[in-house]
Every structure is written in structure tokens, then in C-alpha cells.
Amino acid sequence: MQLAKTLLKWPLALLFVVSSVAHFTKRDFYMRLMPPYVPLHSEAVAVSGVIEGVLGLLLLIPRTQRMAAWGLVVTLIAIFPANIHGALTAGTPDPAMPGVPIEIAWLRLPVQPILVAWAYWYTR
């Protein structure tokens, strides 16, 4: 089990590092995904991108793994409203995720708790 845990840490970290880069290379996508009630969209996208990248990298360092995992749990919970916004606007004339099929937009919602559980695994 320990080997699986060690090996599965890498794709989780990579997921967040790649997502971090995408916050800056696909900024328009993340800006549209921000719910209207969230202030300072540009700043929130940039800050969340940096946080995701830093936590993803810190997850790979044994000394900082636990702290990074808790940070990822909190981050995943904090960004969940953006996924809800994406799902609720899917199929409308002005979707938050243009080009993303409705089914995929809604599938993102149950994936989020799986990611939370995966990150939580590294808090132990």
C-alpha cells in the first residue's frame, strides 16, 4: 500500500502543477469559470494558480507533504463553487466553459470529492 501511495503522489502533484500553469496560459477559461459573486476575478485566478502549483510541488517533498496535502484539501473545497458555476451554466447561451459538453461539466462535480479524498490521503 505504501508503494501505491508513493507512486500516486506524482500524478496528483502533476495535476496541480499543470493546472497552475493553465491558470496563466488559459487565463480566459479560468476567468469565465469564476462565479459572478466572487470579487477580483483576475487576482483570484492568479492567486489560485500560484497556490495550486506551489502546493503540488510541496506535496512531493516529504517534509512538507502533510502541510501541502491539507492545503490542497482546502483549495479543492474553495474552488468547488467554480465547478458548480461551470455545471449550472453548461448548455446555456453563455456557458462558463464554452466547448465543454454538458455531461463533462457535470462530471467535474463528483470528481472533486475524489480529488479531496486523494489529497487527504497524504495528510496521514
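It should be noted that the structure appears before, not after, this text.
Everything numeric in this text was worked out from a predicted model, so none of it was measured.

What is the right way to look at a nonpolar patch on the surface in this model?
Where nonpolar side chains cluster on the molecular surface, the patch consists of Ile 84, Leu 88, Ile 102 and Trp 106 and spans about 370 Å² of accessible area. If you list the elements that add at least two residues to the nonpolar patch, you get helix H4 (65-89) and helix H5 (102-121). For Ile 84, a relative accessible area of 32% corresponds to the partly exposed category.

Whenever I open this one, the nonpolar core confuses me. Can you help?
Grouped burial of nonpolar side chains is what soluble globular proteins tend to show. Ranked by internal contacts, the top residues of the largest apolar core, which has 14 residues, are Leu 12, Phe 16, Leu 59, Leu 72, Leu 76, Ala 119 and Tyr 122. Sorting the residues of this core by element identifies helix H1 (2-25), helix H3 (41-59), H4 and H5 as the ones contributing at least two each. Counting residues per element, this core draws most heavily on H4, at 5 residues. Setting aside residues no more than four positions away along its own chain, Ala 119 makes contact with Leu 12, Ala 69, Leu 72, Val 73 and Leu 76. In this structure, Ala 82, Ala 90, Ala 96 and Ala 105 belong to the second largest nonpolar core, which totals 6 residues.

How each quantity is defined
Residues numbered from 1 in each chain as written. Predicted model: local features only at pLDDT ≥ 70, side-chain atom pairs only at ≥ 80, totals over all residues. Heavy atoms only, no water. Patch = residues over 30% accessible without salt bridge, like charges linked within 9 Å, V, L, I, M, F, W, Y side chains within 5 Å. Areas by Shrake-Rupley, 256 points an atom, 1.4 Å probe, with all protein chains shown as cover. Salt bridge = Lys/Arg side-chain N within 4 Å of Asp/Glu carboxyl O. Helix = DSSP H or I, 4+ residues; strand = E, 2+ residues; numbered from the N terminus. Buried < 20%, exposed > 50% of the residue type's maximum accessible area, 1.4 Å probe, protein only. Core = buried A, V, L, I, M, F, W, Y, C linked by side-chain atoms within 4.5 Å. Contact = heavy atoms within 4.5 Å.

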